[in-house]
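Residues per chain are reported as follows:
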Amino acid sequence: MNEVRNILVGFDFGEKVSQLCYYDRREGEPVSLPVKVGTGQYTFPNALSKKPGEDEWHFGLEVEYFVEQQDEIAVDNLYTLCLEQETVEVDGATWKVGEFLGKFIGNALRILGVPDLVKSISGLMITTPVLTRPMVENIRVACQEMGFPRNRCFLQDYEESFYYHTLYQKPEIWSRNVGLFIFDQDAVSYAKLEMNRSSRPVRVGVRRGEHTTLHTEALQRDVDFCQFVIESLENEVYSSIYLVGDGFEREWAEKSVAELCKHQRRVFYGNNLFSKGACYAAKEKTEERNLKGYLYVGNDLVRENVGMEMTVFGTPAYHPLIVSGVNWYEAMGDCEIILDDTRELEFVVSDMENTRKVRYSMSLPGLPERPAKATRLHVHLEFTAADECRIDVIDMGFGDLYPSSNLTWHETMKSRGAEE
């Protein structure tokens, strides 16, 4: 580490192990940090341990020792817990899973060697294989547990980290298709980065391919993977190929490597692509807009604009609440409105190109009878999935004459299923 403030961090929270890197400003690229100085050990298990009756925690590689030798309480399988659960019973108390995740990531960040993590880190991007609603909520709780404000802590899935890692390389690396083979011991899957260069901004997406299981015997393993490479790449033109994960070894992959390197394709192998991609994303979101001419179109992307038509200072106007082109877990909006002669709300939903608009009406049953312009409402919209928007409305009344009824209304709008 050569920085003590304005540090950008990429944190890869994997299914079994995690790792982190920081952006080295002198080198101009992310650098992976070893768990122990002077070693090549960059990953650490997703595990915590707690000293009974005390607020003392250990993480990663330390856990096995403290559980076996110091009788600490183990909390492992953190990734699975974050996908499925909200709370866990440990040491006689009920904990939010996100609190455990916060302690895990917070302890891991101490590898940076800075005295105050929150003051020193200007952008923390956490990347993980998939982002379910429980995972998103647990990561948010973790960031709160560590003390990070929401505008300095971000999250994205592996596919988006692949996008950021690729487009922060030299243009010749991604002048054509870019392939990605992900190994998990004997299992291997394939994905491809695709670009629509005729669109403005240029739309970039990741298309998932097939997956297969390789033979354990070296010669047959090479044959299996070579055939999988041929089937995955087909006859398309690639400028580069990446291989990540545990299970690939140069020693057995003689035919496979020869096939990968055909047609002057550049081939890269390593296990820090996702953490580095997260680090580049942290830089893009907090400091630079190098990719402003590109739009990542992933499965988490909100493809609709949501707003309301209202009268502002006597003039009809459209008020946007959520703008398309962001991931669902970042899409939210608030406003306060005064009702005229109506007892329902109407939202305008349009696609990214504004070529199609639909209207969605929400009734407010039980709303007190009041004169026109004597009811003030707080409206909150928040996407809970890429195609699902939750609407929360609170009756705020109107001064002392018409106090709040404390009524609330909740509704879920399927953004792509609204009817005209």
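The rules behind each value
- Residues numbered from 1 in each chain as written.
- Predicted model: local features only at pLDDT ≥ 70, side-chain atom pairs only at ≥ 80, totals over all residues.
- Heavy atoms only, no water.
- Core = buried A, V, L, I, M, F, W, Y, C linked by side-chain atoms within 4.5 Å.
- Buried < 20%, exposed > 50% of the residue type's maximum accessible area, 1.4 Å probe, protein only.
- Contact = heavy atoms within 4.5 Å.
- Salt bridge = Lys/Arg side-chain N within 4 Å of Asp/Glu carboxyl O.
- Helix = DSSP H or I, 4+ residues; strand = E, 2+ residues; numbered from the N terminus.
- Phe/Tyr/Trp six-rings, centres within 6.5 Å; stacked < 30°, edge-to-face > 60°.
- pLDDT = per-residue confidence, 0-100.
- Pairing = 2+ DSSP bridges.
- Axes fitted to C-alpha atoms, helices over the stretch in contact; angles between N-to-C directions.
- Parallel < 35°, antiparallel > 145°, perpendicular 65-115°, else oblique.
- Left-handed = near helix turned anticlockwise from the far one by under 90°.
- Nonpolar A, V, L, I, M, F, W, Y, C, P; charged D, E, K, R; others polar.

1. As for the nonpolar core
- With 72 residues, the main nonpolar core has Leu 109 and Phe 347 as its most contacted residues.
- Filtering out sequence-adjacent residues up to four positions away, Phe 347 remains in contact with Val 306, Gly 307, Met 308, Leu 321, Val 358, Arg 359, Tyr 360, Met 362, Val 379, Leu 381 and Ile 391.
- With 32 residues, the next largest nonpolar core counts Tyr 164, Ile 173, Val 178 and Leu 180 among its residues.

2. Re the pattern of salt bridges
- Throughout the structure, instances matching the rule amount to 27 salt bridges.
- A salt bridge links Lys 51 to Glu 54, with the shortest nitrogen-to-oxygen separation between them at 3.9 Å.
- The exposure class of Lys 51 is partly exposed, given its relative accessible area of 31%.
- Residues joined in a network through salt bridges with shared partners are Arg 133, Glu 137, Arg 140 and Glu 382.

3. Quick word on unusual backbone geometry
- Residues Arg 200 and Pro 201 are joined by a peptide bond in cis, for which omega reads 0°.
- By secondary structure assignment, the location of Pro 201 is in the loop between strand 13 (187–196) and strand 14 (202–213).
- Even without being a glycine, Asp 91 presents a positive backbone phi close to 55°.

4. Focus: the packing of aromatic side chains
- Counted by the stated rule, this structure contains 27 aromatic pairs.
- Pairing Phe 248 with Tyr 269 gives two aromatic rings, centres 5.1 Å apart and planes at 50°, and the pair type is tilted. Pair noted here: Phe 248 is in the loop between strand 15 (238–246) and helix 8 (254–260) and Tyr 269 is in strand 16 (residues 266–269), with a separation of 21 residues, a long-range link.

5. Notes on the confidence of the model for the protein
- Taken as a whole, the protein shows an average pLDDT of 93; of its residues, 98% reach a score of 70 or greater.
- Across the protein, helix 6 (residues 158–167) holds the top mean pLDDT of 98, while strand 8 (residues 87–90) sits lowest at 90.

6. A look at the sheet that holds strand 24 (residues 388–397)
- Taken together, four strands build an open sheet; the order of strands is 20-23-24-25 and the sheet is antiparallel. Only two strands of the sheet have a single partner each, and these edge strands are strand 20 (332–338) and strand 25 (408–414). Taken pair by pair, the neighbouring strands of this sheet meet at an average axis angle of 20°, ignoring direction.
- Of the strand pairs in this sheet, strand 23 (residues 376–385) and strand 24 are connected by nine bridges, and their pairing is antiparallel. Note on strand 24: the bridge partner recorded for Ala 385 is Glu 388.

7. Observations concerning the sheet that holds strand 17 (residues 294–296)
- Spatially, 16-15-12-13-14-17 is the arrangement adopted by the six strands of the open sheet, whose pairing is mixed. Edge positions in the sheet fall to strand 16 and strand 17, since each has one partner strand and no second. Direction aside, neighbouring strands of the sheet carry axes that sit 20° apart on average.
- Where strand 12 (residues 177–184) lies against strand 13, seven bridges are found, and the strand directions are antiparallel. Looking at the pairing, Leu 180 lines up with Ala 191 of strand 13.

8. Thoughts on the packing of helix 3 (residues 97–109) against helix 5 (residues 133–146)
- At their nearest, the axes of helix 3 and helix 5 sit 7 Å apart, and the two run at 55° to each other. Our classification of the angle between helix 3 and helix 5 gives oblique. Seen from above, helix 3 lies across helix 5 with right-handed handedness. Where helix 3 approaches helix 5, its residues Val 97, Gly 98, Glu 99, Leu 101, Gly 102, Lys 103, Ile 105, Gly 106 and Leu 109 are matched on the opposing element by Asn 138, Ile 139, Val 141, Ala 142, Glu 145 and Met 146.
- Among the residues making up the contact of helix 3 with helix 5, the classes are represented as eight nonpolar, four polar and three charged.

9. Here's the deal with the side chain of Asn 107
- Note that Asn 107 resides in helix 3.
- Judged by relative accessible area, Asn 107 falls into the buried class, the value being 12%.
- With residues near it in sequence (within four places) discarded, Asn 107 still touches Trp 57 and Phe 59.

10. Thoughts on the environment of Lys 119
- In this fold, Lys 119 is placed in helix 4 (residues 117–120).
- Lys 119 sits 36 residues away from Leu 83 along the chain, and the two C-alpha atoms are 29 Å apart.

11. Some remarks on the pairing of strand 22 (residues 357–363)
- Burial along strand 22 is one-sided: the residues Val 358, Tyr 360 and Met 362 are buried and none of Lys 357, Arg 359, Ser 361 and Ser 363 is.
- Of the strand pairs in this sheet, strand 21 (residues 344–351) and strand 22 are connected by seven bridges, and their pairing is antiparallel. Its bridge partner being in strand 22, Val 349 is matched across the sheet by Val 358.
- Linking strand 21 back to strand 22 in an antiparallel pair, the connection comprises five residues, with Asn 354 at a positive phi of about 55°.

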